[in-house]
Structure formats: C-alpha cells, structure tokens
Amino acid sequence: MSFQPNVPPSLVAKKLKEEKGKEGDGDEPRKQSREEWKKQRELEEMRKAGTAPAMKDEEGKDINPHIPQYIMQAPWYFGAETATLRHQRQQEEKIPQYAPLGVSFKKGIKEGPVAVKFRKGACENCGAMTHKKKDCLERPRKTGAKFTGEKIAPDEYIVPDLKLDYDGKRDTWNGFDPDEHQRKLQEEYQDIEEAKRTLKEKSLDESLMTGGDGGEKESKGGESDGDEKYYAEEMDMPGQKFETKQRITVRNLRIREDTAKYLYNLDPNSAYYDPKTRSMRENPLKNTSKEDITELKFGGDNFVRSSGDAQEMAKRQLFAWEAFERGNDIHLQADPTKLELMHKEFEKRKDEFKKTAKDSILDQYGGQEHLESLPKQLLLAQTEDYIEYSRTGSVIKGQEKAAVKSRYEEDVYNNNHKSVWGSFWREGRWGYACCHSYIKESYCTGEAGKKAEEECSLLVPSQHQATFQETIEAKQVKNNSKKKNKKKKQKKKKMTKKKNDDSSSTELSSSSSSSSESDSSDSSSEEDEETQKKRLLKEALKAQKEHDKKMTQLLQIDERKRSYNSICDIKAPTDEEMEAFRLKMRRVDDPMANFLTD
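Residues numbered from 1 in each chain as written. Predicted model: local features only at pLDDT ≥ 70, side-chain atom pairs only at ≥ 80, totals over all residues. Heavy atoms only, no water.

1. Looking at the nonpolar core
Part 1: Counting six residues, the largest nonpolar core is built from Phe319, Ala320, Ala323, Ile330, Leu332 and Leu339.
Part 2: Here the element with the most residues in this core is helix α9 (residues 310–325); it accounts for three residues. (Core = buried A, V, L, I, M, F, W, Y, C linked by side-chain atoms within 4.5 Å. Buried < 20%, exposed > 50% of the residue type's maximum accessible area, 1.4 Å probe, protein only. Helix = DSSP H or I, 4+ residues; strand = E, 2+ residues; numbered from the N terminus.)

Written as structure tokens, this is what we have:
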C-alpha cells in the first residue's frame, strides 16, 4: 500500500505543461520506472511484515498497512496531497451539535418591578415584552394594554431553543428547578405549622373557659397524633408498598439496598435460584470457604425458615388448625397468648394421660424393674474417674475399671434352660445338657426329659443311630477291600521277581513249587478280572455303536413325529459305558479325525 495523489484533471494538465516546459517537448508524461515500482512493492511488504515503520497521516497517526488501496485513496475532489484517512471519518462540519444534559434555565415570570406604561414592541394585549399578541396566553382584553396603559403584565423568562439528542429529549428532569420545589415544601410546612398553632390556641382557650385540665394533655399528644394522621398514609414501610386508594399491600421480596440472592455465588452449579418467586432454598455458599456461620450473610430460605422459633411457630399454627377443626375458636395471629396457654394445657394433659396409661399397664402386667435404668458406668462401660498408672502398669491413684468380657450377652438361657445349645453330644447329634433335648429353641423338660430320652434310646434305636452304624460298617468294608488290594499288588510284584530270577538249583524250584501254585491261582483270578473288563468294554462299544446309529436315524425324522423322550435315557451310565463313549467321541481338533473309520 502506497499513497498516490488523486488530483483533479485540471491540475494534472497543469503539471504536464510544467514538466514539458522543464524537460522539453514530450507527448507523454514521465512514467514510473521498474526499479521504483519494485522498491515501492518491497517497502509495502516490509511495512506489512512490521520491519519498516508504518505510513503516517497529516496528524502523525500510523496508518494500518493492511488497509486496501481503494479505501486509503482519497477522491480527487477531496484535495488530499498527503496520505490520510480523514475522508473515511465523519466530517466535523457534519457532526450535529447537541445541548449537554443538565442545562439549567429559568421559567416563569421575572422577578422585579413591573412596567407602569406601555412599551414599544410589547404585546398589544397584556403589555409584556417577551411575546407578541398572537402568542399571548392571557384572555383577550376588550381594550388592550396598548391603548389603556393599565395592568401591564410582567415579563417572562425566554426559554432557549435547545437542540437535544435522543437522551436529552427523554430526560424527565430536564429544566427541573430544585429551589422551587424546596420553596413549595417550606410553604406547605409553614401552613401546616400555622394551622397547628391556631388549633392549639383554640384548644387552650376552650380549656380555660371550661376550667378543665385535659387541654394540656390533648395539646401535648395532639402534635404526635396530628403528625401521624397527616403522614400515615404517605409513609411506606421498608419492604412493602401500601396503596392508600385501593387499601392493599404489595409485598416486595427484598429491600433495594440488599444484595440479591443470586449474586452471593456466581457459580452456575451452586444453589438454584427461582426468578419467578425470587427464592433460593439451598445455601449458595455451600462447600466454599465462606460456609462458616460467622461469615455467612445468607444461608438460603430453608435456613431462615428453620432457624430461631420458626419451627415452634409452625407447630403452634398446626395446633391452632387442629383445635379449630375440633370446635375451638382460636387463631395464631389474633390470640397468640390464648393459643400459647391452650397449647401448654394440652401438653400437660397429654403427659398426664400417657403417665396414667403407663401406670395402668404396669399395674396389670408388671415389669417395672425392666424400666429402671442402670447406672451410667454399667450402660456405657466408661466413667470420668481419674486413674493414674505407673511405668509398670500398676494403679497409683484411683480405681482401675473392670475389663469388659465381651460385647455379646453371656450366660443367657432361653426357654427355661440351664445350659446353652451345644453343651450335649451323643451319636453325632448336638443338644442341651440340662434335658438331653436335640431340638433347638425347644422348652426345657429337665430330669424328665433325660429319662424319656434314655428309655427311647434303649427301646428303639433312633434313625440317626442306625444311619451312624451303617456308615461305620461301610467304612470298615471299604478299609478291608483296600487291604486286600494292597496284598494282591505285593504278591504280583513278588511273582515278577521270581520269574526274572534264573535259579539253577532244583531244591529251590521244588521248594517253591507249592508257593507257585498258590500264586498261579491268584494270577489266574486277576486274569479273569481283566478278561471280564475287556468283555464288558466290547459290549459297551457295541451298544454305543448301535445307540449312535439309532440317534442318527431319530435325528433325521421330523421332531413332531418322534416319540416323547426318545433321545434321552433315564438310567445312569456305568463305567464301561462312559469309557466306550470317550473312545467313540470324535475330536474336532484332531486333523486325522476325518480319516478314521468306525
């Protein structure tokens, strides 16, 4: 951006003639060279980058280098010879000049002597010099002051014709004279005081005529009564507005000088403020450093409602409503003393009724000893007694408190028992030692219960005893079978050792012939068991194969045509059937499973 003067065509022609006269004959004006244009562009780039100082206008102010050329370039008729932005601003001659706010001017009639005779150029109707006949506001006289020369009206102050702006036209107090207002109030006050004085004098005269003493009392109290009667309707209580004509009170929720509730904490996540009712129930300064009650100015509407005697007042109001429903004509605001006395009487009778009901129940059923409270030391297991100990732990001063055994109740026997549940055991069963009862929470029968239990155990063994014996016998059989299996394994190991030993002596062979016969009998029994297992496994494999074929056939049939429970079996599988199922089970993760044949 660079400045190029934009001048009128006449000045351009004049400059051309001057240049031709200096340089000689030439048809065209001098053009800008390439180097000059290049330097100008570089200067513009440096100004935009901030490395070169900005261009200044005629007032010495910097011109922004990023402003386009068409905005900075002034029109030819503006006549700008240097860089400027004055043509973009509002021109001084076109800026309207308005009268300032608060211009004081006088109105009304001028003070001072009034003219006695008609003056030349005055109003022909009233004789004032400040207006003409057509602008006169007095009643048109039959013969004007021009001809009579009498009753010349005083001159008025001429109100200036002020050119006001938007705010000045709407200024309610523009031209207000406070001195005139004060003068009016003083005159009104003086009239009131004069009326009071005359009334007081009149009352004193009447009292002197009658000879009574009440005149002074009335005169003393008359001033305050008169003031209250005169100013009562115009006085507004703080926080409310009283309409004297309509006789209604419009309640303002706060005094204007007080801080608004929503300004205590500007955090939007703080207590909710209802603009319709202007209420904020929660504390706005909750969870902040100003939550302390000493620094708290406003703790929410709920805090105000629940503080002081507000709860007691609410209880009294509820009591008044309940009493009114029962036929007692009582009101909280109308008769507060009567309501308080009635409430005290009600509470007293209520306590007496509770006490009589309690005493009657205790007299009939007893139990007074359970209501007697234990001492504080036994209830809380702690005291405020001073005890001083030594380094070894012995008590030097004071009495050491007893150690607490347990926090649970001890030695408590229910249902007339003398021992706890689990103190007696017989044949795998627990019971009570005092009555030998095996039923928990049962009532104690004492020695009779013991005798009955012994007779039952002698006559018929109980079901639990039979089951206990059965379990013992089953354990004995199991232990015997384990011992036999161990003996068989030991004999088998001996047989293998004997076969491996190459004995050359015949004496040993003859002597061992008897033992080999016994061992061969044992080995033959073992071989019979193995062959039996193999036979059962083959049968199970065959049955499993038939079962698989049957299942494939059943799965091909429609499920609505199959018989009920045709797929599942009810009996439990044997060990051989489980082994056959494992052998026949196809493994999905085996890569050679598809090449196997059944």
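That covers the picture; the talk isn't over yet.
2. Overview of the pattern of salt bridges
Part 1: Going through the model one piece at a time under the given rule, you end up with 17 salt bridges.
Part 2: A salt bridge links Glu124 to Lys146, with the shortest nitrogen-to-oxygen separation between them at 3.7 Å. Taken together, the residues Glu124 in the loop between α3 (69–72) and α4 (145–148) and Lys146 in helix α4 connect sequence positions 22 residues apart.
Part 3: Residue Glu124 is classed as partly exposed on the basis of its relative accessible area, which comes to 34%.
Part 4: A salt bridge links Lys450 to Glu447, with the nearest nitrogen and oxygen atoms 3.7 Å apart. (Salt bridge = Lys/Arg side-chain N within 4 Å of Asp/Glu carboxyl O.)

3. Some remarks on unusual backbone geometry
Part 1: The backbone phi angle of Asn415 is positive, close to 55°, even though this residue is not glycine.
Part 2: Take Asn415: it is sitting in the loop between β4 (395–397) and β5 (424–426).
Part 3: For Glu427, which is not a glycine, the phi torsion comes out positive at approximately 55°.
Part 4: When you line up the elements, Glu427 lands in the loop between β5 and β6 (429–431).
Part 5: With a relative accessible area of 27%, Glu427 lands in the partly exposed category.

4. Let's talk about the environment of Asp57
Part 1: By the secondary structure assignment, Asp57 is in the loop between α2 (34–49) and α3.
Part 2: Remark: the alpha-carbon pair of Asp57 and Thr84, spanning 27 residues in sequence, is separated by 4.7 Å.
Part 3: In this view, Asp57 contacts Ile63, Ala83, Thr84 and Arg89; residues no more than four positions away in its chain are not counted.
Part 4: At 3.1 Å, the side chain of Asp57 forms a polar contact with the backbone nitrogen of Gly60. (Contact = heavy atoms within 4.5 Å. Polar contact = N/O pair within 3.5 Å; in protein donor to acceptor, adjacent residues only side chain to side chain.)

5. Looking at helix α10 (residues 336–365)
Part 1: Over its 30 residues, α10 extends 43 Å from the first C-alpha to the last, a length consistent with the 44 Å expected when each residue adds 1.5 Å.
Part 2: Those residues of α10 lying buried are Leu339, His343 and Leu362.
Part 3: On the buried face of α10, the contacting elements are α9 and α11 (368–371).
Part 4: One or two positions beyond α10, positive phi appears at Gly366, with a value near 80°. (Expected span 1.5 Å × (residues − 1).)

6. With respect to the environment of Ala54
Part 1: Of note, Ala54 is situated in the loop between α2 and α3.
Part 2: Since its relative accessible area comes to 27%, Ala54 is described here as partly exposed.
Part 3: Spatially, the C-alpha atom of Ala54 lies 7.0 Å from that of Asn64, the residues being ten residues apart in sequence.
Part 4: Not counting the four nearest positions on each side in its chain, Ala54 is found in contact with Asp62 and Ile63.

7. As for the confidence of the model for the chain
Part 1: When pLDDT is averaged across the chain, the result is 78; 75% of the residues are at 70 or more.
Part 2: When the elements of the chain are averaged for pLDDT, helix α15 (residues 506–511) gives the smallest value, 45, and α10 the largest, 92.
Part 3: A low-confidence stretch, residues 217–224 (pLDDT under 50), is modelled with three contacts involving residues beyond four sequence positions or located in other chains.
Part 4: Per-residue pLDDT stays below 50 along residues 504–512; that stretch engages in zero contacts with residues further than four places along the chain or on separate chains. (pLDDT = per-residue confidence, 0-100.)

8. Let's talk about the state of the cysteines
Part 1: Throughout the structure, instances matching the rule amount to zero disulfides.
Part 2: In this structure Cys126 is a free cysteine whose sulfur lies 3.7 Å from that of Cys136, the closest cysteine sulfur available.
Part 3: In this model Cys434 remains outside any disulfide bridge; the closest cysteine sulfur is found in Cys444, 3.6 Å from its own. (Disulfide = S-S within 2.5 Å.)

9. Overview of a nonpolar patch on the surface
Part 1: Taken together, the side chains of Tyr262, Leu263 and Leu266 make up a nonpolar region of the molecular surface, amounting to roughly 340 Å² of accessible area.
Part 2: Tracing the backbone shows Tyr262 in the loop between β2 (248–251) and α8 (301–306).
Part 3: You can call Tyr262 partly exposed: its relative accessible area is 41%. (Patch = residues over 30% accessible without salt bridge, like charges linked within 9 Å, V, L, I, M, F, W, Y side chains within 5 Å. Areas by Shrake-Rupley, 256 points an atom, 1.4 Å probe, with all protein chains shown as cover.)

10. Looking at a negative patch on the surface
Part 1: A contiguous patch of negative charge on the surface is contributed by Glu187, Glu188, Asp191 and Glu194.
Part 2: With respect to the helices, strands and loops of the structure, Glu194 is situated in helix α6 (residues 178–210). (Lys, Arg positive; Asp, Glu negative; His and termini not counted. Charge placed at Lys NZ, Arg CZ, Asp CG, Glu CD.)

11. As for a positive patch on the surface
Part 1: Together, Lys478, Lys482, Lys483, Lys484, Lys486, Lys487, Lys488, Lys489 and Lys493 give the surface a local cluster of positive charge.
Part 2: Here Lys489 lies in helix α14 (residues 463–500).
Part 3: Given the relative accessible area of 58%, Lys489 is considered exposed.

12. Notes on the packing of aromatic side chains
Part 1: Here the structure, examined in full by the defined rule, presents seven aromatic pairs.
Part 2: With 5.8 Å between their ring centres and 80° between their planes, Trp76 and Tyr77 make a pair best called edge-to-face.
Part 3: Judged by its relative accessible area of 64%, Tyr77 falls in the exposed class.
Part 4: Over the ring of Tyr166 we find Arg170, and its NZ or CZ is 3.7 Å from the ring centre.
Part 5: Positioned above the aromatic ring of Tyr438, the side-chain terminus of Arg429 is 4.0 Å from the ring centre. (Phe/Tyr/Trp six-rings, centres within 6.5 Å; stacked < 30°, edge-to-face > 60°. Lys NZ or Arg CZ within 6 Å of the ring centre and 35° of its normal.)

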